[in-house]
Structure formats: structure tokens, C-alpha cells
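# A structural walkthrough
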Amino acid sequence: MIGIVDYGMGNLMSVRNALEYIGAEAKVCCEPGELAGADLLVLPGVGAFGDCMRNLRHRNFVAALDEMVIGSGIPILGICLGMQAMAKRSFEGGEHEGLGWLDADVVRIRPAGREYRVPHIGWNDVTFEGNNPLFADLPADPVFYFVHSYHVQCRNSGDLAATCDYGGTVTAAVRKGNIFGTQFHPEKSQDQGLRILENFVRQGGQC
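The 8 strands are arranged E2-E1-E3-E4-E14-E13-E12-E9 in an open sheet whose pairing can be described as mixed. In the strand order of this sheet, the two ends are held by strand E2 (26-29) and strand E9 (127-128), each with one partner. Sheet topology note: the strand E13 (residues 169-176)/strand E14 (residues 179-182) ladder contains 4 bridges and is antiparallel. Paired with Arg 175 across the two strands is Phe 180, which belongs to E14.

Here we come to the sheet that holds strand E7 (residues 102-108). Here we have 4 strands laid out as an open sheet, ordered E6-E5-E7-E11, and mixed in their pairing. The outermost strands of the open sheet, each flanked by one partner alone, are strand E6 (96-97) and strand E11 (150-154). Here 3 bridges tie strand E5 (residues 87-90) to E7, and the two strands are oriented parallel to one another. Bridge pairing in E7 places Arg 89 opposite Asp 105.

Turning to the packing of aromatic side chains, a few remarks are in order. Per the counting criterion, the structure on display carries 6 aromatic pairs. Note on Phe 144 and Phe 184: the rings are 4.1 Å apart at their centroids and 10° apart in plane angle, and the pair reads as stacked. Here Phe 144 is found in strand E10 (residues 143-148), whereas its partner Phe 184 is found in the loop between E14 and helix H5 (190-203), with 40 residues between them in sequence. Note on accessibility: Phe 144 and Phe 184 belong to one class, buried.

Basis of the calculations
- Residues numbered from 1 in each chain as written.
- Predicted model: local features only at pLDDT ≥ 70, side-chain atom pairs only at ≥ 80, totals over all residues.
- Heavy atoms only, no water.
- Pairing = 2+ DSSP bridges.
- Helix = DSSP H or I, 4+ residues; strand = E, 2+ residues; numbered from the N terminus.
- Phe/Tyr/Trp six-rings, centres within 6.5 Å; stacked < 30°, edge-to-face > 60°.
- Buried < 20%, exposed > 50% of the residue type's maximum accessible area, 1.4 Å probe, protein only.

Listed below in C-alpha cells is the structure:
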């Protein structure tokens, strides 16, 4: 079973529908106890970092996620804001503490060139960094759908799984052991996005 963390933000139904479309059993979990028995976790998110962390703490998800992901090694996929929450801190609307699973900061995209608007909205091709099971059976430079103004800036280059070019290098995906994250939305990225979710379901438990 895949537990989708519901902390009051994010397109939960789109994520659940995409997972069910590929044949996975997915459950939207509104409280930590509902995550019990999950083989995989998904942390989606749309909105502001500060609100995300505030809601995770208010619903008592932080300790439960730490125990499952860090303590028990259960694979987790963070999507968009959910990936950003895995960093140590964010500078969106001030400075906010994150889950701290990645030695990274969340910073505003600052593209070079007036033709690049922020937020970064739309389709962009992605370049892989290293070997990541999420990207198995995908073509070189696949295209995914992005909606964001901030991105994860990793201090450890080994955590960087993919990048895209948007007037400069932007982090598109991260991977640290059982921790996976995509800045793009696989649930909105048609066939190639569904392949990402299939790879997470198929290979995530082996990581």
C-alpha cells in the first residue's frame, strides 16, 4: 500500500488517481496512524513552504515520517513542495525549518534573461545525474511539467538526481537512499510522468 500524506495542501486526488491508474493501491492518509502498514509513501504539495511545515507539525506527521523514512527506511517520493520540505530550510517568505533529510536549502529561481518568467510554469526537458531507478526506461532528456518559483539547492552533489535549464540550472529531482523527490509533477506529465510513478512503485521497495 502507498500512503499519500494529506496535510491539507496539494493535489492529492490527482496523485491518487495517477497511482491507481497504473494499478497501485493508494490511500490518502489524514493522520499519522493511517500510514501504518504502508510500503511506500508519497509527500505531495502545492503552495508555500512555511504553510506546508506548519501543517505537517500541526497534524503530527513530522515525527511519524522521521520514524518511517529515516528510522525504518521506507521509500518516499516527494513531489514539488513535498520535495522541498525534505530540505533543511527554505527562504520562501522568510526562513523556515524543513524536515532536514537533505543537506540543502530551498531558494528562489533567478533565471538569467528577461524571457524567463517566475514562476516557472510549463513543460521542460530534464537531464539525469547519475543512476536513479526513477528514470529507468525513459528516453534521454524526457519532458515533464513544472509549476514552481523555488527549487532545492543541494550541498551534496550526490543528492542531485536531475536538472533542467531555465535560464540557469534548476534542480529537477533528488535522491538520497530511500528518499526520492521530483520538482516536476509526474501526475501531470502524461506517459513519462506515469513511468516515473511506475518506477517508484516497482523499484522503490528495493532501495
